[in-house]
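Structural overview
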Amino acid sequence: MNCPLCGGSGWIIENLNGQRKAVRCRCQFKNSISIFLNSSKIPVRYKNCKFSNFKPKTATQLRALKECEDFFYTFPFVEKGLLLYGTPGTGKTHLATATLKNIITYKGVRGIFCDFRNLLIDIKSTFETSESSTEILETVMRAPLLILDDVGAERNTDWAKDILSSIINYRYVNSLPTIITTNLRFDLPTEESFSSKFDERTESRIYEMCKIIKVEGDDRRKESCI
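These numbers come from a predicted model, not from an experiment. (Residues numbered from 1 in each chain as written. Predicted model: local features only at pLDDT ≥ 70, side-chain atom pairs only at ≥ 80, totals over all residues. Heavy atoms only, no water.)

1. Quick notes on the overall build of the protein chain
Tallying secondary structure elements over the protein chain gives nine helices and seven strands in all. Rg of the C-alpha trace for the protein chain: 18 Å, near the compact-globule value of 17 Å for 226 residues, within the 12% margin. When the backbone C-alpha atoms are referred to their principal axes, the protein chain occupies close to 55 × 45 × 35 Å. Carbon and sulfur atoms provide 49% of the accessible area of the protein chain, an area that totals close to 12400 Å². (Helix = DSSP H or I, 4+ residues; strand = E, 2+ residues; numbered from the N terminus. Rg over C-alpha atoms; globule rule 2.2 N^0.38 Å. Areas by Shrake-Rupley, 256 points an atom, 1.4 Å probe, with all protein chains shown as cover.)

2. A look at the packing of aromatic side chains
Evaluated as defined, the whole model comprises eleven aromatic pairs. With a centroid separation of 6.1 Å and an interplanar angle of 70°, the aromatic rings of Phe127 and Trp159 are classed as edge-to-face. Remark: Trp159 occurs in helix H6 (residues 158-173) and Phe127 occurs in the loop between helix H4 (116-125) and helix H5 (133-141); sequence separation between them is 32 residues. Assessed through its relative accessible area of 53%, Phe127 is described here as exposed. Among the residues examined, Trp159 registers a relative accessible area of 27% and is labelled partly exposed. (Phe/Tyr/Trp six-rings, centres within 6.5 Å; stacked < 30°, edge-to-face > 60°. Buried < 20%, exposed > 50% of the residue type's maximum accessible area, 1.4 Å probe, protein only.)

3. Observations concerning the pattern of salt bridges
Tallied over the entire structure, the rule returns eight salt bridges. A salt bridge links Lys214 to Asp187; the nearest nitrogen and oxygen atoms lie 2.7 Å apart. In this pair, Lys214 is assigned in strand S7 (residues 210-214) and Asp187 in the loop between strand S6 (178-182) and helix H7 (194-197), connecting sequence segments 27 residues apart. Residue class for Lys214 comes out partly exposed when judged on its relative accessible area of 27%. When its relative accessible area of 31% is taken as the criterion, Asp187 is described as partly exposed. Members of the salt-bridge network, linked through shared partners, are Arg185, Asp187, Lys214 and Glu216. (Salt bridge = Lys/Arg side-chain N within 4 Å of Asp/Glu carboxyl O.)

4. Here's the deal with the nonpolar core
Of all hydrophobic cores here, the largest spans 29 residues; its most connected members are Phe116, Leu119, Leu148 and Ile167. For this core, the secondary structure elements donating two or more residues are strand S3 (81-85), strand S4 (112-115), H4, H5, strand S5 (146-151), H6 and helix H8 (200-209). Element by element, the count of residues in this core is highest for H6, at five residues. Not counting residues within four places of it along the chain, the set of residues in contact with Leu148 comprises Cys114, Phe116, Leu164, Ile167, Ile179, Ile180 and Thr181. Grouped together as the second largest cluster of nonpolar side chains are 25 residues, Ile42, Cys68, Phe75 and Val215 included. (Core = buried A, V, L, I, M, F, W, Y, C linked by side-chain atoms within 4.5 Å. Contact = heavy atoms within 4.5 Å.)

5. Describing H4
Those residues of H4 not exposed but buried are Phe116, Leu119, Leu120 and Ile123. Across the axial projection of H4, the buried residues extend over an arc of 100°, all falling on one side. Residues of H4 that are buried sit in contact with S4, H5, S5 and H6. (Arc of directions from axis to C-beta.)

6. Some words on helix H2 (residues 59-74)
If you check H2, its first and last C-alpha atoms are 22 Å apart, about what 16 residues at 1.5 Å a residue would give, namely 22 Å. When we look at burial in H2, the residues that qualify are Thr60, Gln61, Ala64, Leu65, Glu67, Cys68, Phe71 and Phe72. Along the axis of H2, the buried positions cluster into a sector of 165°, meaning they face one direction only. (Expected span 1.5 Å × (residues − 1).)

7. A few points about unusual backbone geometry
In this chain, Phe75 is followed by Pro76 through a cis amide linkage whose omega measures 10°. Positionally, Pro76 belongs in the loop between H2 and S3. Although it is not a glycine, Lys41 adopts a positive phi angle of roughly 65°. Inspection of the secondary structure assignment puts Lys41 in the loop between helix H1 (33-38) and H2.

8. Observations concerning the packing of H4 against H6
At a minimum axis separation of 11 Å, H4 and H6 run at an interaxial angle of 110°. Between H4 and H6, the crossing angle belongs to the class labelled roughly perpendicular. Here H4 contributes Phe116, Leu119, Leu120, Ile123 and Lys124 to the contact with H6, which in turn contributes Trp159, Ala160, Ile163, Leu164 and Ile167. Grouping the amino acids of the contact of H4 with H6 by side-chain chemistry returns nine nonpolar, no polar and one charged. (Axes fitted to C-alpha atoms, helices over the stretch in contact; angles between N-to-C directions. Parallel < 35°, antiparallel > 145°, perpendicular 65-115°, else oblique. Nonpolar A, V, L, I, M, F, W, Y, C, P; charged D, E, K, R; others polar.)

All quantities given are derived from atomic positions and should not be read as evidence of function.
Quick look at the structure:
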């Protein structure tokens, strides 16, 4: 029997704030939400990240919030992913995680949160065990939605560059939506810019597959301790 809401298509169109948005029908994932959330690998610290409890204090933070909300509303019919860049503590990971949680909860799509530095550690740990590093990497590369967090925080090595290049290349050629956060700069060619740490090919593909968004502001972690 077809669902009375979507007629069996799995999607419904809703008018939200005057815009028509594609929303996954609840019949498609009602019993899968908790499974998807538990397998998303969202760290405990970020479990309560929501759009509603992100309080923008700068114009760029407000823009980043709106871009993430629009990405969620439009998903899965998105043309590009997102890259949020800026100094530490400006809310990049909060927004990326809130986007992932909303898409899992309201669109019924599986996604993965991946701290890039921890990914490298996990892969290295397989070198002396029977666990497959290929399996770990493929789980990340093939995720229907990937949050790739804190890129560039790791020690800059050719091996780390190759891992990132493999992930970006796979997701680029397969048009898989990706949200990246980084403290590296995309606005100026400095020693702390993305182009100084990674190859031009990877950077070029990121520009084509992601909307680049600067997030400025004071360090929220420091503010909370004052």
